[in-house]
Amino acid sequence: MAFLQLQGLCKRYGAIDAVVATDLSVAKGEFVSLLGPSGCGKTTTLQMIAGFVEVSAGKIVLDGRDITHAKPSSRGLGVVFQSYALFPHMSVRDNVAFGLRMRKVAGAEIDTRVTRVLELVRLQAHAERYPRELSGGQRQRVALARALVIEPPVLLLDEPLSNLDANLREEMQFEIRRIQCEVGITTLMVTHDQSEALSISDRVVVMQAGRVTQIDEPYTLYEHPRTRFISDFVGKANLLPGHTDADGRVQVLSTQGTGDLLLSLRPEKIDLLPAGSGRLPGRIVVRYFLGSQWLYRLSTALGEVTVVRRNDGSAPLAEGTEVGLDWPDELLRALAQDEVSA
């Protein structure tokens, strides 16, 4: 049963539809990410749930209660902003305790709850420090602790990792998931980073131009994208012309042309074979070393094709090498036409 429901949720700014007829049901304890490019409506959707942006149409229902027009303070939701919004003149302990003091919680209970949540985010040793004395990851955990200490029914995360460097960002996304699982709190996260969304979410909601275009578990979303936009935005993809053969099987055209299907083929699903073998000849134009992988861009009769191969320690293929490309037919995905313009 849904714990949080969005029913036909809309936001209009004059003639501009920022969010269009959005329906979403989130189960209690579920971690759901809203994923999409800048301007797709994901942050506006989160802000309507939080109560910071007025709803133009539709409903928001939390645990059976209509909160569509409720004041933000009466919703009791935990929010972590992109900037963290910590008070620079307050210690970590006082930052975390702030929401409880505003709610007139008794002093002894404040101490107990702050201590407990600081242990949860592994910051008990930094309780008396100030934000300026903390690393980016530590500040992010303070903001998370401040949102959790009020024991909200739902946690809303607005691009919580965007201000962190790449290594810390990856570390903190798993830390967020650890904390969310330990607390068991229903969580919605806004992100434009597909790797974040895929790695820690129970489900991912892809948004494009104010509309939801696909909602699925991360593996299903990656392996079975519905449209060209989703295929290209969620990971890398080769978009190839195709058709259905006499036996009803989806096939790539043997030469560049217009097929009746647009097919998606992930770069890591393609095998590189000796020249003269496989189903499509190609020549390596350029290669990039990604540490754990090699990325090759090849010239073929179907245009440029990208291939990603695991770095197994052997010497990479040289630029200019002639190769054959092959792939299992069952890994080709036929795409529907994009429902909206980006």
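See the structure above.
Attention here is on the structure that accompanies the text.

One open sheet accounts for five strands, arranged 14-18-15-16-17; its pairing is antiparallel. A strand with exactly one partner marks an edge of an open sheet, and here the two such strands are strand 14 (271-274) and strand 17 (303-310). In this sheet, adjacent strand axes meet at a mean angle of 45° when their direction is disregarded.

Counted under the stated rule, the structure contains five aromatic pairs. Between F52 and F81 the ring centres are 6.0 Å apart and the planes differ by 25°, which places this aromatic pair in the stacked class. Of this pair, F52 sits in the loop between helix 1 (42-50) and strand 4 (57-62) while F81 sits in the loop between strand 6 (78-80) and helix 3 (92-102), and the two are 29 residues apart along the sequence. Residue F52 is classed as partly exposed on the basis of its relative accessible area of 43%.

So, about the pairing of strand 1 (residues 2-13). By the bridge criterion, eight bridges tie strand 1 to strand 2 (residues 16-27) in an arrangement that is antiparallel. Paired with L9 across the strands is T22, a residue of strand 2. Linkage of strand 1 to strand 2, two consecutive antiparallel strands, is achieved through a turn of two residues, within which G14 is found at a positive phi near 65°. With five bridges joining them, strand 1 and strand 4 adopt antiparallel strand pairing. Across the sheet, L6 pairs through a bridge with I60, a residue of strand 4.

Conventions and cut-offs
- Residues numbered from 1 in each chain as written.
- Predicted model: local features only at pLDDT ≥ 70, side-chain atom pairs only at ≥ 80, totals over all residues.
- Heavy atoms only, no water.
- Pairing = 2+ DSSP bridges.
- Helix = DSSP H or I, 4+ residues; strand = E, 2+ residues; numbered from the N terminus.
- Axes fitted to C-alpha atoms, helices over the stretch in contact; angles between N-to-C directions.
- Phe/Tyr/Trp six-rings, centres within 6.5 Å; stacked < 30°, edge-to-face > 60°.
- Buried < 20%, exposed > 50% of the residue type's maximum accessible area, 1.4 Å probe, protein only.

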